[in-house]
Amino acid sequence: MLVWSRGPRLVVQGIFLLVFAVLVLAPFVVVAAAAFAGSWNGVLPSDPTATHLREALSGDELASIAVSLQTAFLGGLLAVVFGTWAALASRAATPGLARLTDALHHLPIAVPSVVVGLGLLVAFSRPPLLLNGTKWIVVIAHLVLMVAFTYGTVTAALQRTDDVYADVAASLGASSARVLWKVRLPMLRPAIVSSAGLSVALSMGEVGATIMVYPASWRTLPVGVFALTDRGQTFTAAAESLVLLAVTVVLVVGLDRLRGRAA
């Protein structure tokens, strides 16, 4: 067995920490610095100000935060419902149908999100389902993109559960609905809550499909960041990104605590 001495191990750890700092931490530090920068003409920002942060928390930008939260919760909730339902149905299906279900649910994340957005735009721009120009086409776009993560998480959890508990409950006279509600779903609750947190976090940052379908009255925060950057308002965009990061972290931490209680 290969045993590293302390010296080489510290060197490897140091290189890893350096790469992690440059590739992962540095972008967040730069965004935070730009959010409070009055100007940035040299190596470091200068003239610190909170003006950009105030702009990010007022007017249309504040409305975008509310839109992002509503979209994340609606899309995440629907993704959890449909993803869990599909995972349970796939567990009881034939092997061929289960493979087809698995492929269909992972298809949206196997293609660029703008393709998903374009497909929804074409599909829902004519009757009988005329959703173009409404918030629901944005919610559906997020649902389509997020359902794969719920499906995958719950499917993995189902593979680790034993059907004997459900079989015993059924043999004692419990109906299928009671077995589902009292046995299967409680066993899957940690995975369901975990997938909800992942769906909400991904929804908060989704921009590819959203920018294809969103109406002017339902602009999410990432779309606002993109629009500000496109107009050259980099510092305000950085402040909005900082707000987006803070809100997402709070949501994920809160859902993670729910997952801990569910476990």
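These figures come from a predicted structure and were not determined experimentally.

This next bit is on the overall build of the protein. For the protein, the helix and strand inventory stands at eleven helices and zero strands. Tracing the protein from N to C terminus, the helices and strands come up as α-α-α-α-α-α-α-α-α-α-α. If you line up the protein on its principal axes, its C-alpha atoms span 75 × 70 × 30 Å. Every one of the 263 residues in the protein was classed for burial, and the buried ones make up 35%. Residue pairs at least 24 apart in sequence account for 69% of intrachain contacts in the protein once pairs closer than 6 positions are excluded. With the model as given, the accessible surface of the protein reaches about 15100 Å², and the carbon-plus-sulfur share is 70%.

Overall, the coordinates contain one cavity of 30 Å³ or more when judged by the stated rule. Of the pockets and cavities examined, the largest cavity occupies roughly 50 Å³. Contributing to the lining of the largest cavity are Leu158, Thr161, Asp162, Asp163, Ala166, Val183, Arg184, Met187 and Leu188. Here the lining of the largest cavity gets four residues from one element, more than from any other, and that element is helix H8 (residues 176–205). Class assignment for the residues of the lining of the largest cavity results in five nonpolar, one polar and three charged.

Two quantities define a packed helix pair, namely the angle between the helix axes and the distance between the axes. Two elements in contact, helix H6 (residues 135–159) and H8, have axes whose closest approach is 9 Å; the angle formed by their N-to-C orientations is 155 degrees. Classed by the angle they form, the pair H6 and H8 counts as roughly antiparallel. As for the relative orientation of H6 and H8, their crossing is right-handed in sense. Judged by residue contacts, His142, Met146, Phe149, Thr150, Thr153, Val154, Ala157 and Leu158 of H6 engage Leu188, Ala191, Ile192, Ser195, Leu198, Ser199, Leu202 and Ser203 from H8. Partitioning the contact of H6 with H8 into residue classes produces ten nonpolar, six polar and no charged.

This part covers the side chain of Thr161. If you trace the backbone, Thr161 turns up in the loop between H6 and helix H7 (164–171). With a relative accessible area of 19%, Thr161 lands in the buried category. A distance of 2.8 Å separates a polar side-chain atom of Thr161 from the backbone oxygen of Leu158. Non-local contacts of Thr161, meaning those with residues more than four positions away in its chain, are made with Arg91, Met187 and Leu188.

Further remarks concern the nonpolar core. Counting residues in hydrophobic clusters, the biggest one holds 16 residues, and the most contacted among them are Leu120 and Ile137. Mapped onto this core, the elements with two or more residues apiece are helix H3 (59–92), helix H5 (113–123) and H6. Here the element with the most residues in this core is H6; it accounts for seven residues. Formed by 14 residues, the second largest nonpolar core is a distinct cluster that contains Ala72, Val200, Ala238 and Leu255.

In this model, Pro127 is joined to Pro128 through a cis peptide bond whose omega is 10 degrees. Tracing the backbone through its elements, the reader meets Pro128 in the loop between H5 and H6. With a phi angle near 50 degrees, Asp47 is a residue other than glycine that sits in the positive phi range. Looking at where Asp47 falls in the secondary structure, it is placed in the loop between helix H1 (6–35) and helix H2 (51–56). Since its relative accessible area comes to 52%, Asp47 is described here as exposed.

A word on the packing of aromatic side chains. The geometry of two aromatic rings is summed up by the distance between their centres and the angle between their planes. Counted according to the given criterion, the structure contains one aromatic pair. Arranged with centres 6.3 Å apart and planes meeting at 20 degrees, the rings of Phe82 and Trp85 form a pair that is stacked. Taken together, the positions of Phe82 and Trp85, both in helix H3 and three residues apart, correspond to about one turn of that helix. Judged by its relative accessible area of 59%, Trp85 is exposed.

A separate point is the packing of H3 against H8. Between H3 and H8, the shortest axis-to-axis distance is 9 Å and the interhelical angle comes to 140 degrees. Classified by the angle between their axes, H3 and H8 sit oblique to one another. For H3 against H8, the interelement crossing comes out right-handed. When H3 is examined against H8, the residues Ser68, Leu69, Thr71, Ala72, Gly76, Ala79, Val80, Thr84 and Leu88 are found in contact with a partner set consisting of Leu180, Arg184, Leu185, Leu188, Ile192, Ser195, Ala196, Ser199, Val200, Ser203 and Met204.

Before going further, it helps to examine the layout of surface pockets. Regions of empty space are outlined by a rolling probe, equal in size to a water molecule, passed over the atoms. In this structure, the largest pocket encloses a volume near 170 Å³. Every residue along the wall of the largest pocket is listed here: Val80, Val81, Thr84, Trp85, Leu88, Leu185, Arg189, Ile192 and Val193. The greatest single-element share of the lining of the largest pocket, amounting to five residues, is contributed by H3. The class makeup of the residues in the lining of the largest pocket is seven nonpolar, one polar and one charged.

Criteria and thresholds
- Residues numbered from 1 in each chain as written.
- Predicted model: local features only at pLDDT ≥ 70, side-chain atom pairs only at ≥ 80, totals over all residues.
- Heavy atoms only, no water.
- Helix = DSSP H or I, 4+ residues; strand = E, 2+ residues; numbered from the N terminus.
- Buried < 20%, exposed > 50% of the residue type's maximum accessible area, 1.4 Å probe, protein only.
- Contact = heavy atoms within 4.5 Å.
- Areas by Shrake-Rupley, 256 points an atom, 1.4 Å probe, with all protein chains shown as cover.
- 1 Å grid on protein atoms, 1.4 Å probe; cavity = no way out; pocket = protein on both sides within 12 Å on 5 of 7 lines; lining within 4 Å.
- Points joined across faces, edges and corners; volume = space filled by probe spheres on them.
- Nonpolar A, V, L, I, M, F, W, Y, C, P; charged D, E, K, R; others polar.
- Axes fitted to C-alpha atoms, helices over the stretch in contact; angles between N-to-C directions.
- Parallel < 35°, antiparallel > 145°, perpendicular 65-115°, else oblique.
- Left-handed = near helix turned anticlockwise from the far one by under 90°.
- Polar contact = N/O pair within 3.5 Å; in protein donor to acceptor, adjacent residues only side chain to side chain.
- Core = buried A, V, L, I, M, F, W, Y, C linked by side-chain atoms within 4.5 Å.
- Phe/Tyr/Trp six-rings, centres within 6.5 Å; stacked < 30°, edge-to-face > 60°.

Coordinates in, geometry out; function isn't part of it.
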